[in-house]
There are 2 protein chains.
Amino acid sequence: MNGSSTTGPAEESEPTDAREEIMAATYHILCEEGYAGLTMRAIATEAGTSKSLIHYHYDTKDDLLLAFLERFLDRLDRFLAELQAETDDHEARLLAFVDRFVVESDEAERQSFWRALLELRLQAAHDEEFREQLRANNEAIREALATIIAEGIDEGAFRAVDPRATADLILDALEGARTRQATLGTDDAPLAARESVHEHVVSTLLDSGR
Amino acid sequence: MNGSSTTGPAEESEPTDAREEIMAATYHILCEEGYAGLTMRAIATEAGTSKSLIHYHYDTKDDLLLAFLERFLDRLDRFLAELQAETDDHEARLLAFVDRFVVESDEAERQSFWRALLELRLQAAHDEEFREQLRANNEAIREALATIIAEGIDEGAFRAVDPRATADLILDALEGARTRQATLGTDDAPLAARESVHEHVVSTLLDSGR
């Protein structure tokens, strides 16, 4: 990919790579500059390309951002497939799912990204299309965790709880802790939240489960 | 209070009322317009006064906003004193504390205010003075709940858990649910979070507690 400002057949040979680089640049700018810094110009500069090439792939910044958010659903699916392949143990799957939220949030880059995502969520509070996409992403994560819990109940590994309500409790607690970390600087919040989720939620799922 | 733009001895006879009205106007604008709409002019219009009278009481918008946040600590103290006077039952105190967060969040006005508070928190991520004040407010709430739990443990009403870690779990879950409600429109999230907190956290505090 180069900085050419022409659009046309030339780019058609490299759509996937170009899109990948645009998406990577979008992620990088959200982490570094927040939502306010996310302009088509900034993305083009970061990706080492031109605004017109970006417009060739995404009509508007909104289209680009919606595509960016949709990709997280693919990432989630890949993670779940890996988890499924990795272990048959329901508790191990549950803990790995929790850890994915916590361990990732411990990196400065992920903290910045969570902050940018909150900014986007606040912007989206009045924009139905974005809100739908953000809600779909959040729903997918919650349903995935609920499924892990439901499978554990079905196979007698977990106590019979409401899977979705339990998933919501775990994720609300972890998201609440990440929000504190990203906005108030309480750096130990996510790891402490993981401990509390283990002690108060995961351990009671196991009680009399097996 | 009137709309006069003069500052001087005339206002000195009504400082408390004027400040109350300015604070009420600030709250109202944060709910209606969010943090972005909070200008000294908007506050003056809402309070039916003048920018210069506001500047007579608060040098800058930052001073005004810091004073606004500090007032929440007074409100918290009043609530805790009421709670202390109302009941000696530790479980009742704990549930009343949880309800205060959840029931309030069910009003549209409070949802808007929580959204504005998140906006302020995101703004404050890079402003040390505001972050300190917002963190102090959040700390005070968490310490208050930890104290209720610790008193319950001391008097044998609750199982021996880490009071602050348990308070953090409860508040992270409730704040996470309120954030979902305010940004993604998942309206039932706080009430559902209350149920889950009761089932997974409060009930385990009571297990073998008494």
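Keep in mind that what you see is a predicted model, and the values were worked out from it rather than measured.

Peer 1: Break down the overall build of chain A for me, with residues and values.
Peer 2: Per the secondary structure count, chain A includes ten helices and zero strands. For chain A, the α and β elements follow one another from N to C terminus as α-α-α-α-α-α-α-α-α-α. Dimensions along the principal axes, computed over C-alpha positions, put chain A at roughly 65 × 35 × 30 Å. A separation of at least 24 residues holds for 67% of the contacts in chain A among residues at least 6 apart in sequence. Between the averaged position of the 21 positive side-chain charges in chain A and that of its 44 negative side-chain charges there is a distance of 3 Å.

Peer 1: Residue-level account of the relation of the copies chain A and chain B, with values.
Peer 2: Two chain copies, one operation linking them: a rotation about an axis together with a shift along it. The two copies are related by a screw motion: chain A maps onto chain B through a turn of 180° and a shift of 0.0 Å along the axis, at an RMSD of 0.0 Å. One copy is carried onto the other by what is essentially a two-fold rotation axis. A high fraction, 100%, of the interface residues of chain A reappear at the interface in chain B, so the copies pair face to face through one surface.

Peer 1: An account of the pattern of salt bridges is requested, with residue identities and associated values reported.
Peer 2: Under the definition given, this model contains 28 salt bridges over all chains. Linking Arg180(B) and Asp172(A) is a salt bridge whose minimum nitrogen-to-oxygen distance equals 2.9 Å. Taken together, the residues Arg180(B) in helix 9 (residues 163-184) and Asp172(A) in helix 9 (residues 163-184) connect one chain to another. Of the residues examined, Arg180(B) reaches a relative accessible area of 4% and is grouped as buried. Arg164(B) is the partner of Glu143(B) in a salt bridge, and the nearest nitrogen-oxygen pair spans 2.7 Å. Taken together, the residues Glu143(B) in helix 8 (residues 128-154) and Arg164(B) in helix 9 connect sequence positions 21 residues apart. Judged by relative accessible area, which is 38%, Glu143(B) ranks as partly exposed. Taken together, the salt bridges that share partners define one network made up of Arg121(A), Glu139(A), Arg142(A), Glu143(A), Arg164(A), Asp168(A), Asp172(A), Glu175(A) and Arg180(B).

Peer 1: Give a description of the packing of helix 7 (residues 108-124) of chain A against helix 8 (residues 128-154) of chain A that names residues and reports values.
Peer 2: Residues and elements named next belong to chain A. Running from N to C, helix 7 and helix 8 point in directions that differ by 135°, and their axes come no closer than 8 Å. Overall, the two elements helix 7 and helix 8 adopt an arrangement that is oblique. Relative to helix 8, the crossing made by helix 7 is left-handed. Packed against helix 7, whose contacting residues are Leu117, Leu120, Arg121 and Ala124, the element helix 8 presents Phe130, Arg131, Leu134 and Asn138 at the interface. Across the contact of helix 7 with helix 8, the residue classes tally to five nonpolar, one polar and two charged.

Peer 1: Which residues make up the nonpolar core, and what values do they have?
Peer 2: With 65 residues, the main nonpolar core has Ile43(A), Leu64(A), Phe68(A), Ile43(B), Leu64(B) and Phe68(B) as its most contacted residues. In contact with Ile43(B), not counting residues within four places along its chain, are Ile22(B), Ala25(B), Thr26(B), Ile29(B), Leu38(B), Ile54(B) and Leu64(B).

Peer 1: Can you explain helix 9 of chain A? Please cite residues and give values.
Peer 2: Residues and elements named next belong to chain A. For helix 9, spanning 22 residues, the distance from its first C-alpha to its last is 31 Å, which sits close to the expected 32 Å at 1.5 Å a residue. Near the N-terminus of helix 9, the side chain that reaches the backbone nitrogen of Arg164, with its oxygen 3.1 Å away, is that of Asp162. Downstream of helix 9 by one or two residues, Gly185 has phi in the positive range, about 75°.

Peer 1: Provide a residue-level description of the environment of Pro190(A), including the pertinent values.
Peer 2: Residues and elements named next belong to chain A. Position of Pro190 among the secondary structure elements: in helix 10 (residues 189-206). Judged by relative accessible area, which is 1%, Pro190 ranks as buried. As for Pro190 and Asp99, which are separated by 91 residues in sequence, their C-alpha atoms are 9.8 Å apart.

Peer 1: Can you tell me about the interface of chain A and chain B, naming the residues and giving the values?
Peer 2: Contacts between chain A and chain B engage 37 residues on the former and 37 residues on the latter. Buried surface at the junction of chain A and chain B, both sides included, amounts to about 3100 Å², of which 62% is carbon and sulfur. The largest share of the area that chain A buries against chain B comes from Leu122(A), Leu184(A) and His200(A), three residues that together contribute 23% of it. The interface formed by chain A and chain B contains two salt bridges. The tally of links between chain A and chain B comes to eight residue pairs in polar contact (both at pLDDT 80 or more). For the side of chain A that touches chain B, the leading source of residues is helix 9 of chain A, giving 14 residues. When the residues that make up the side of chain A that touches chain B are grouped by side-chain class, the tally is 14 nonpolar, eleven polar and twelve charged.

Peer 1: Quick one: what's the story with the packing of aromatic side chains, residue by residue and with numbers?
Peer 2: Tallying each qualifying case throughout the model produces twelve aromatic pairs over all chains. Where Tyr27(A) meets Phe113(A), the ring centres are 4.9 Å apart and the plane angle is 45°; that geometry is what we call tilted. You can see Tyr27(A) sitting in helix 2 (residues 15-33) and its partner Phe113(A) sitting in helix 7, a full 86 residues away along the chain. With a relative accessible area of 17%, Tyr27(A) lands in the buried category. Since its relative accessible area comes to 8%, Phe113(A) is described here as buried. Plain terms: the ring middles of Phe68(B) and Phe72(B) are 5.4 Å apart, the flat faces sit at 75° to each other, and that makes the pair edge-to-face. Of the two residues, Phe68(B) and Phe72(B) are both situated in helix 5 (residues 61-86); the distance of four residues between them amounts to about one turn of the helix.

Peer 1: Any details on a negative patch on the surface? Residues and values, ideally.
Peer 2: All names here are of chain A. Where like charges cluster on the molecular surface, the negative patch consists of Glu32, Glu33, Glu46 and Glu109. Among the structural elements, Glu46 can be located in helix 3 (residues 40-47). Look at Glu46 and you get partly exposed, because its relative accessible area is 38%.

Peer 1: Go over the environment of Cys31(A) with me, naming the residues and quoting the values.
Peer 2: Residue and element names in this part refer to chain A. Structurally, Cys31 can be placed in helix 2. Remark: the alpha-carbon pair of Cys31 and Arg110, spanning 79 residues in sequence, is separated by 7.4 Å. Ignoring sequence-local partners within four residues, the contact set of Cys31 consists of Glu109, Ser112 and Phe113.

The rules behind the values
- Along each chain, residues carry numbers from 1 onward, in the same order as the chain's sequence is written.
- Ligands are numbered from 1 and chains lettered from A, in the order in which they are written.
- Residues qualify for local features only when their pLDDT is at least 70, as the model is predicted, and side-chain atom pairs are given and counted only at 80 or more; totals for whole chains, interfaces and linings, by contrast, use all residues.
- Working from all heavy atoms in the structure, the side-chain values ignore hydrogens and water.
- Each helix is a run of DSSP H or I of at least 4 residues and each strand a run of E of at least 2, with the numbering of both proceeding from the N terminus.
- Working rule for contacts: check all heavy atoms of both residues, and any pair within 4.5 Å makes them a contact.
- For the purpose of counting charges, residues Lys and Arg are taken to be positive, whereas Asp and Glu are taken to be negative. His and the chain ends are not included.
- Charged groups are reduced to one reference atom each: NZ for lysine, CZ for arginine, CG for aspartic acid, CD for glutamic acid.
- Least squares is the method for superposing the copies, and the C-alpha atoms it fits come from residues with pLDDT of at least 70 in both.
- Should a side-chain nitrogen of Lys or Arg be within 4 Å of a carboxyl oxygen of Asp or Glu, the pair is scored as a salt bridge.
- For every residue, the accessible area obtained with a 1.4 Å probe (protein chains only) is divided by the maximum for its type, and the residue is called buried under 20%, exposed over 50%, and partly exposed between those limits.
- Where helices are involved, their axes are fitted lines through C-alpha atoms of the stretch in contact, as for all axes, and angles between N-to-C directions lie from 0 to 180°.
- The scheme is simple: roughly parallel for angles under 35 degrees, roughly antiparallel for over 145, roughly perpendicular for 65 to 115, oblique for anything else.
- By definition, turning the near helix anticlockwise from the far helix through less than a right angle yields a left-handed crossing, and turning it clockwise yields a right-handed one.
- Classes in brief: Ala, Val, Leu, Ile, Met, Phe, Trp, Tyr, Cys and Pro nonpolar; Asp, Glu, Lys and Arg charged; the others, Gly included, polar.
- Here, nonpolar core means buried Ala, Val, Leu, Ile, Met, Phe, Trp, Tyr and Cys residues that are tied together by side-chain atoms lying within 4.5 Å of each other.
- Take the number of residues in a helix, subtract one, and multiply by 1.5 Å to get its expected span.
- Each polar contact in these results corresponds to two N or O atoms within 3.5 Å; when the atoms are within protein, one needs to be able to donate a hydrogen and the other to accept it, and residues that are neighboring in sequence are counted only if both atoms are side-chain atoms.
- Once two parts are brought into contact, the accessible area they lose, counted with a 1.4 Å probe and summed over both, makes up the buried area.
- To pair, rings of Phe, Tyr and Trp, with the six-membered ring standing in for Trp, must have centres within 6.5 Å; the planes then decide the type, stacked if under 30 degrees apart, edge-to-face if over 60, and tilted in the middle.
- Patch definition: residues with relative accessible area over 30% and no salt bridge; like charges joined within 9 Å; nonpolar side chains (Val, Leu, Ile, Met, Phe, Trp, Tyr) joined within 5 Å.
- Surface accessibility in these figures is a Shrake-Rupley result with a 1.4 Å probe; residues are shielded only by whichever protein chains are displayed.

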